[in-house]
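Commentary on secondary and tertiary structure
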Amino acid sequence: DMGSPLNADDRLAIFELMARYAWAIDTGDVEGYVACFTADAVLSMRGVPNRGHKAIRAYVSSVVSRPEFPGRQHHHNEVLIDGDGE
């Protein structure tokens, strides 16, 4: 038994988290972006793991400070969510 399937509230929470993640990065809100992750999260970008809030903060700070970054906007489409309630 893999536990209970995700319910509608679980799925909505995931969609909201994805929206917060996208809004934070697009507006340059580094602390808001970091808050989307657990303290022990690993954010892998281009094969490089950024472990924990400190590393994620450093990574996203470098991204939003790039001269070509302002004006970008993320959209999430066709999202598939698998899970078991855990």
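This one's a predicted model, so the numbers in the text were calculated from it and none came from an experiment.

This part takes up the nonpolar core. Ranked by internal contacts, the top residues of the largest apolar core, which has 15 residues, are I25, Y33, F37, L43, I56, V60 and V64. Of all elements in the fold, only α1 (8-27), α2 (30-34) and α3 (52-64) reach the threshold of two or more residues within this core. The leading source of residues in this core is α3, at five residues. Apart from the residues within four sequence positions on either side, F37 is in contact with Y21, L43, H53 and I56.

This paragraph deals with the environment of L43. Tracing the backbone shows L43 in strand β1 (residues 42-45). Of the residues examined, L43 reaches a relative accessible area of 8% and is grouped as buried. In sequence terms L43 and G28 are 15 residues apart; their C-alpha atoms lie 17 Å from each other. Ignoring sequence-local partners within four residues, the contact set of L43 consists of Y33, F37, V48, P49, N50, I56 and Y59.

Cut-off values and rules
Residues numbered from 1 in each chain as written. Predicted model: local features only at pLDDT ≥ 70, side-chain atom pairs only at ≥ 80, totals over all residues. Heavy atoms only, no water. Core = buried A, V, L, I, M, F, W, Y, C linked by side-chain atoms within 4.5 Å. Buried < 20%, exposed > 50% of the residue type's maximum accessible area, 1.4 Å probe, protein only. Helix = DSSP H or I, 4+ residues; strand = E, 2+ residues; numbered from the N terminus. Contact = heavy atoms within 4.5 Å.

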